[in-house]
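The chain contents come next:
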Amino acid sequence: MNESSPIRTDTARQYREAPDREAPPAAPARKRRRLGRWMLVLLALGGAGAVAHRSYEARKQPAEQPAAGNPAAPGRPGRSADMKQAVGVAPIVAGDMPVVLQGLGTVTPLATVTVRSQISGYLTKIGYREGQTVKEGDFLAQIDPRPYEALLAQYQGQLARDQALLQNSKLDLQRYQTLNRQDSISKQNVDTQAALVKQNEGTVAADQALVDQQRLNLTYARIVSPVEGRVGLRQVDLGNYVTAGSTNIVVVTQLHPISVVFTLPEDDVNRVMRRLRQGAKLTVRAYDRGDQHEIATGKLDTVDNQIDVTTGTVKLRALFDNADDELFPNQFVNARLTVETIENAALVPNAAILRGTPGTYVYLMDGDDKVTVRKIQTGETDGTRTVVTSGLTPGDRVVTDGTDRLREGAPVRVVGHSAGQGGAPASGAPGGTAGSAAPGAPATPAADGTTGAKDGAGEHRGRRRPQP
């Protein structure tokens, strides 16, 4: 810097070095702010942990207080109730089990007649209403009979003429025979006249056939119902020309009685045929398409004479009175054939039957608080119950609900309505399990006197053992 400058060099150096002397105090301030933020985070975590611990203790206290009053095991209060599996039970009862064979069937009328005219002509009259029930012989339609009446008159006249010729030839034959006995005429003339008589007889017979044919045509001109049944929709209108054998007039379907044709597997044929040979009248029930509503009850009529090799089934026909017209032709139904009834059999609910390494088995109640594995042999079933042929007797109680965590000799407690009334399931809970308890609600007493909070399945919730 020039000596003559008004700003001195040492003064300028002091101004430039002043910020450098003030920088060191900024670092401690930042550290203090960072430490304050960490303290706030730690305080927030500590508060959240305290709230969570207090909530856990509040939920645990209602469940542990009742269990503390039940000294199940020394030093481990309430643990015995958690070790017992909650189950639903049902008794083995004695009853009748019908043996039912089920097959798909179709309602098939015994007679379905498509009425056609046997002569040609104009339709001049209709004598039925669509959907009307008619009896055998009731008038249905009329074909114009006048052409056939004229032909009948013609053939009757021809018949009368030929009958006169026949009568004359017979008289000539008698005269020729008399002259032949008097040797007044040759034998050849007599034989010729006899042949003429035979010829005239043939002509008369042919004329008679033509007359009968026209009388039959007049009968065909009046169309009547061949069976008793219900007529369908009209298929030809008044005034149309009807062609013999090709024009449909109406369809008459017999409804009373009506049949159901259904199929059964070939493995069931021998059982059915054995019962029929014994003279049994087997009952058949027809159910709707959903297999829920019973439509009608009938009797088995007959079994087809061969098995369908493509499906391995045999057809059967059952007859139904159908007095209320519940069965409709060509309707699809589910047919149930009752072959026999097993009387006084031991019946077990299907929910109790298990299959595994021992075979077919159930968990049998051994007393009131323990189960044992019992191997059984089963027979017929109806979908909800099964016949037990060996292994169980009426009065035994088997587990129907809660079998997934059982083992041989496992301790159990019976819950739900089944504990007091022979295994009947509780209302609104499948398998006889009890209802759920709300969180934090007091413990619900079980059937064996134990208590504890229950979840939605009616079982005790698992709890941690209190730390010593």
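Keep in mind that what you see is a predicted model, and the values were worked out from it rather than measured. (Residues numbered from 1 in each chain as written. Predicted model: local features only at pLDDT ≥ 70, side-chain atom pairs only at ≥ 80, totals over all residues. Heavy atoms only, no water.)

Quick look at the packing of aromatic side chains
To be explicit about the condition: Between the rings of Phe, Tyr and Trp (Trp by its six-membered ring), a pair exists once the centres lie within 6.5 Å; its type follows the angle of the planes, with under 30 degrees stacked, over 60 edge-to-face, and the other angles tilted. Classification of residues uses two cut-offs on accessible area relative to the type maximum, computed with a 1.4 Å probe and protein chains only: under 20% is buried, over 50% is exposed, and between them is partly exposed.
Counted under the stated rule, the structure contains 2 aromatic pairs. Relative to Tyr 363, the ring of Tyr 361 has its centre 5.9 Å away and its plane inclined at 85 degrees; by these criteria the two rings are edge-to-face. By relative accessible area, which is 13% here, Tyr 361 ends up buried. The exposure class assigned to Tyr 363 is buried, which follows from its relative accessible area of 7%.

Overview of the nonpolar core
What counts, and what does not: We call a set of buried residues a nonpolar core when its members are Ala, Val, Leu, Ile, Met, Phe, Trp, Tyr or Cys and they connect through side-chain atoms within 4.5 Å of each other. For helices the rule is a DSSP run of H or I covering at least 4 residues; for strands it is a run of E covering at least 2, with both sets numbered from the N terminus onward. Whether two residues are in contact is decided by their heavy atoms: any pair within 4.5 Å suffices.
Judged by nonpolar contacts, the single largest core of 26 residues is most densely connected at Phe 262, Val 272, Leu 316, Phe 320, Leu 327 and Leu 337. Of all the elements in the fold, those that place two or more residues in this core are strand S2 (93-109), strand S11 (258-265), helix H6 (269-277), strand S12 (283-287), strand S13 (294-303), strand S14 (313-320) and strand S15 (332-349). Sequence-distant contacts of Leu 337, that is, excluding residues within four places in its chain, are made with Val 99, Val 100, Leu 101, Phe 262, Leu 264, Val 272, Leu 282, Thr 283, Val 284, Leu 300 and Leu 316. Residues Ile 119, Tyr 128, Ile 143 and Val 250 belong to the second largest nonpolar core, which totals 19 residues.

Considering a positive patch on the surface
Put simply, the test is: Distance thresholds for patches are 9 Å for like charges and 5 Å for nonpolar side chains (Val, Leu, Ile, Met, Phe, Trp, Tyr), applied to residues having over 30% relative accessible area and no salt bridge. For the accessible areas, the method is Shrake-Rupley and the probe is 1.4 Å, while residue cover comes only from the protein chains on display. Take a side-chain nitrogen of Lys or Arg and a carboxyl oxygen of Asp or Glu: if they are within 4 Å of each other, that pair is a salt bridge. In summary, the charge assignment counts Lys and Arg as positive and Asp and Glu as negative, without counting His or the chain termini. Where a charge lies is defined by one atom per residue type, namely NZ (Lys), CZ (Arg), CG (Asp) and CD (Glu).
The grouping of Lys 31, Arg 32, Arg 33, Arg 34 and Arg 37 at the surface amounts to a positive patch. Residue position: Arg 33 is located in helix H2 (residues 26-68). Using a relative accessible area of 49% as the deciding quantity, one classes Arg 33 as partly exposed.

Some points on the sheet that holds strand S6 (residues 139-143)
As a reminder of what qualifies: At least two DSSP bridges between two strands are needed for those strands to be called paired. Between N-to-C directions, angles cover 0 to 180 degrees, with each direction set by a line fitted to C-alpha atoms, over the stretch in contact for helices.
A sheet is described by the order of its strands in space; here 4 strands give the open sequence S7-S6-S4-S9, paired in antiparallel fashion. The sheet is open, and its two edges are formed by strand S7 (222-224) and strand S9 (241-242), each paired on a single side. By the bridge criterion, 3 bridges tie strand S4 (residues 121-126) to S6 in an arrangement that is antiparallel. Residue pairing across strands places Ile 126 opposite Ala 141, the latter belonging to S6. Along the sheet, helix H5 (residues 187-221) contacts S6 and S7; its crossing angle with S7, the most-contacted strand, is approximately 55 degrees.

Things to note about the environment of Ile 295
If you trace the backbone, Ile 295 turns up in strand S13. Along the backbone, Ile 295 and Glu 326 are 31 residues apart, and their C-alpha atoms lie at a distance of 6.4 Å. When residues no more than four places from it in sequence are discounted, the contact partners of Ile 295 are Ala 286, Tyr 287, Asp 288, Glu 326, Leu 327, Gln 331 and Val 333.

Let's talk about a nonpolar patch on the surface
A surface patch of nonpolar side chains, about 660 Å² in accessible area, is lined by Leu 35, Trp 38, Met 39, Val 41, Leu 42 and Leu 45. Taking the relative accessible area as the measure of exposure, Leu 42 reaches 53% and is therefore exposed.

What about the sheet that holds strand S5 (residues 133-134)?
The strand order across the open sheet formed by 4 strands is S3-S10-S8-S5, and the pairing between neighbours is antiparallel. In the strand order of this sheet, the two ends are held by strand S3 (112-116) and S5, each with one partner. Sheet topology places S5 next to strand S8 (residues 229-231); 2 bridges connect them, and they run antiparallel. By the bridge assignment for S8, Thr 133 is matched with Arg 230.

Let's talk about the confidence of the model for the protein chain
For any part of a model where pLDDT is low, the fine detail of the predicted coordinates should not be relied upon. Worth spelling out the cut-off: pLDDT measures how confident the predictor is about each residue, on a scale from 0 to 100.
Looking at the protein chain, pLDDT values average 80 and 77% of them are 70 or higher. The model gives residues 17-23 a pLDDT under 50, and that stretch makes 1 contact with residues more than four places away or in other chains.

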